[in-house]
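Breakdown of the fold
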Amino acid sequence: MTSVLNDPTLERHFKGHRDTITSVDFNCNMKQIATGSMDSCLMIWNMKPQMRSYRFAGHKDAVTSVQFSPSGHLVASASRDKTVRLWVPSVKGESSVFRAHTGTVRSVCFSADGQNLVTSSDDKTVKVWTVHRQKFLFSLHQHINWVRCAKFSPDGRLIVSASDDKTIKIWDKTSGECVHSFYEHGGHVNYADFHPSGTCIAAASTDNTVKVWDIRTNKLLQHYQVHSGVVNSLSFHPAGSFLLTASNDSTLKVLDLVEGRLLYTLHGHQGPATCVAFSRTGEYFASGGADEQVRLDSTTGQTKTVGCINLNSHLSGSCAQVLSSRPSKSQTSRSPGTRPSSAQPEPQGAGMVPAVLASTLEHIVAQLDVLTQTVAILEQRLTLTEDKLKECIDNQHQISSQLQTRS
């Protein structure tokens, strides 16, 4: 992992942020990363080192949230200046702006079809907008404190919102009604999002915990107490098997949702880790922190490389690239080629499962899934056969009764 400033060919292009990174997101084309910062600027980083990156100024206060549209042709940003901007992520940096709330806008999120935006604010409301005309559609009112985050479900039918009133609410987008409220008694809720399947939500809290709820049964599924500081952000892997979290304890945690355990702890940020996001394909993830750094990590690299992450085989690793304007003293003192970020596998008895064995187990699990589905199909067919047989027997009884009556 190297700072871009260590490469003289990049130094003139990467001016970077001058304050805490608040939000990070990947373009679906896997060529750009968008970041927002307390320095009031939005940056579009190009993942190829030889490509120029762009710094967009327009907001009059801190940028609190950024997200690429599903097509990748727009970037939405929310700000403490109470506005939302829609940017074209190119050299011109063109944008349109609209006043979205009467308080700080904490988050902005596109719907899966790219037609709508949902925003949340310190004015205690969640609002839904059209993208192309920035037309206001409706507000959601029930929170009694700042709303930190609001996200659309994958199918666009629901909205989840997280608030300082210690609740997470699920809303029906069509009716605007609150479907259910989850109560977080331990602390404020900083962040919430839907599982890729749309059946669960995860929430990050100021009480240092991460919780996963099933929104079909409204029951708590998993409760992780793995951080020693406030949890600021989380991101589901697109496959749905892993959850990545960022905390004030300076670490990122990789949680295995299938086994319900902490898989890895990743170090690297010098200070609170404030935001994290998986790429759309799951091959990378990026994180930002109070150290003004954006870190880019790979999840599918060679397993022999020190620190390289491979979630598919439960091998984890470290940062592949740092995007920073002002490396910390600890960074500048390192010799070239060193890796300041590190990933520590969590102890699991005698050690981690070898990759070959893990692959074999995954194959067995897949085969068991096939068998389970086959058995389910056979059961359905058996039930149908039994129903038909019962129907035939009933018909025979009716015929016999009719014959006896006639005789």
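Quick notes on the rules
- Residues numbered from 1 in each chain as written.
- Predicted model: local features only at pLDDT ≥ 70, side-chain atom pairs only at ≥ 80, totals over all residues.
- Heavy atoms only, no water.
- UniProt positions renumbered as here; feature names shortened; annotations may be inferred.
- Core = buried A, V, L, I, M, F, W, Y, C linked by side-chain atoms within 4.5 Å.
- Buried < 20%, exposed > 50% of the residue type's maximum accessible area, 1.4 Å probe, protein only.
- Helix = DSSP H or I, 4+ residues; strand = E, 2+ residues; numbered from the N terminus.
- Contact = heavy atoms within 4.5 Å.
- Lys, Arg positive; Asp, Glu negative; His and termini not counted.
- Salt bridge = Lys/Arg side-chain N within 4 Å of Asp/Glu carboxyl O.
- Polar contact = N/O pair within 3.5 Å; in protein donor to acceptor, adjacent residues only side chain to side chain.
- Pairing = 2+ DSSP bridges.
- Axes fitted to C-alpha atoms, helices over the stretch in contact; angles between N-to-C directions.
- pLDDT = per-residue confidence, 0-100.

Looking up the protein in an unreviewed UniProt entry gives the name POC1 centriolar protein homolog A, with the organism given as Esox lucius. Listed under Sequence similarities (unreviewed entry) in UniProt, the entry text for the protein is "Belongs to the WD repeat POC1 family."

A word on the nonpolar core
Of all hydrophobic cores here, the largest spans 28 residues; its most connected members are Ile168, Ile201 and Leu243. Those elements giving two or more residues to this core turn out to be strand 14 (158-163), strand 15 (167-172), strand 17 (189-194), strand 18 (200-205), strand 19 (210-214) and strand 21 (231-236). Among the elements that make up this core, the one with the highest residue count is strand 18 (five residues). Once you skip the residues sitting within four places of it in the chain, Leu243 turns out to touch Ala202, Val210, Leu234, Ser235, Phe236, Lys253, Val254, Leu255 and Leu257. Among the nonpolar cores identified, the runner-up in size contains 13 residues, and Met43, Met47, Ala277 and Leu296 belong to it.

Things to note about the side chain of Asp165
Mapped onto the fold, Asp165 is located in the loop between strand 14 and strand 15. Salt bridges are absent for the buried Asp165, whose nearest opposite-charge side chain, Lys169, sits at 5.4 Å. Reaching out from Asp165, the side chain makes a polar contact with the side chain of His143 at a distance of 2.9 Å. Within the local environment of Asp165, its side chain forms a polar contact with the side chain of Thr167, the two groups lying 2.6 Å apart. Residue contacts for Asp165: discarding those within four places in its chain leaves His143, Ile144 and Asn145.

Section: the sheet that holds strand 15
Read across the open sheet, the four strands follow the order 13-14-15-16; overall the sheet is antiparallel. The sheet is open, and its two edges are formed by strand 13 (147-152) and strand 16 (178-183), each paired on a single side. Pairwise comparison of adjacent strand axes, ignoring direction, gives a mean angle of 15° for this sheet.

What to know about the UniProt feature "repeat: WD" (unreviewed entry) in the protein
In the UniProt entry, the feature "repeat: WD" (unreviewed entry) is given for residues 14-48, 56-87, 98-139, 140-181, 182-223, 224-265 and 266-296. Helix makes up 0% of residues 56-87 and strand 56%, whereas the separation of the span's terminal C-alpha atoms amounts to 9 Å. End C-alpha to end C-alpha, residues 266-296 measures 12 Å, and it is 0% helix and 55% strand.

Some points on the pattern of salt bridges
Pairs can form between side chains of opposite charge once their charged atoms are near each other. According to the stated counting rule, one finds eight salt bridges in the structure shown. Measuring nitrogen to oxygen at the nearest pair gives 3.1 Å for the salt bridge that ties Asp61 to Arg80. Of this pair, Asp61 sits in the loop between strand 4 (54-57) and strand 5 (63-68) while Arg80 sits in the loop between strand 6 (75-79) and strand 7 (83-87), and the two are 19 residues apart along the sequence. Two residues, Arg106 and Asp122, come together in a salt bridge whose shortest N-O distance is 2.8 Å.

Observations regarding the environment of Glu184
Note that Glu184 resides in the loop between strand 16 and strand 17. In this structure Glu184 comes out as buried when scored by relative accessible area, which is 1%. When the C-alpha positions of Glu184 and Thr206 are compared, they lie 9.9 Å apart, and in sequence the two are 22 residues distant. Look past the residues within four positions of Glu184 in its chain and what remains in contact with it is Lys166, Ile168, Val189, Ser205, Asp207, Thr209, Lys211 and Trp213.

Concerning the environment of Ser401
Locating Ser401 in the fold gives a position in helix 3 (residues 355-406). Taking the relative accessible area as the measure of exposure, Ser401 reaches 40% and is therefore partly exposed. A polar atom in the side chain of Ser401 sits 2.8 Å from the backbone oxygen of His397.

Quick word on the confidence of the model for the protein
Averaged over all residues, the pLDDT of the protein is 81; the fraction at 70 or higher stands at 76%. Residue range residues 1-15 is modelled with pLDDT below 50. Its contacts to residues more than four positions away, or to other chains, number 38 contacts. Contacts of residues 348-353 to residues separated by more than four positions or lying in other chains number ten contacts, the stretch itself having pLDDT below 50.

Some remarks on the sheet that holds strand 19
Strands sit in the order 17-18-19-20 across an open sheet of four strands; the sheet is antiparallel. Of all the strands in the sheet, just strand 17 and strand 20 (219-224) have a single pairing partner and so form its edges. The sheet shows a mean angle of 20° between the axes of neighbouring strands, direction not considered. Pairing geometry for strand 19 and strand 20, over five bridges, is antiparallel. Within strand 20, the residue paired with Trp213 across the bridge is Leu220.

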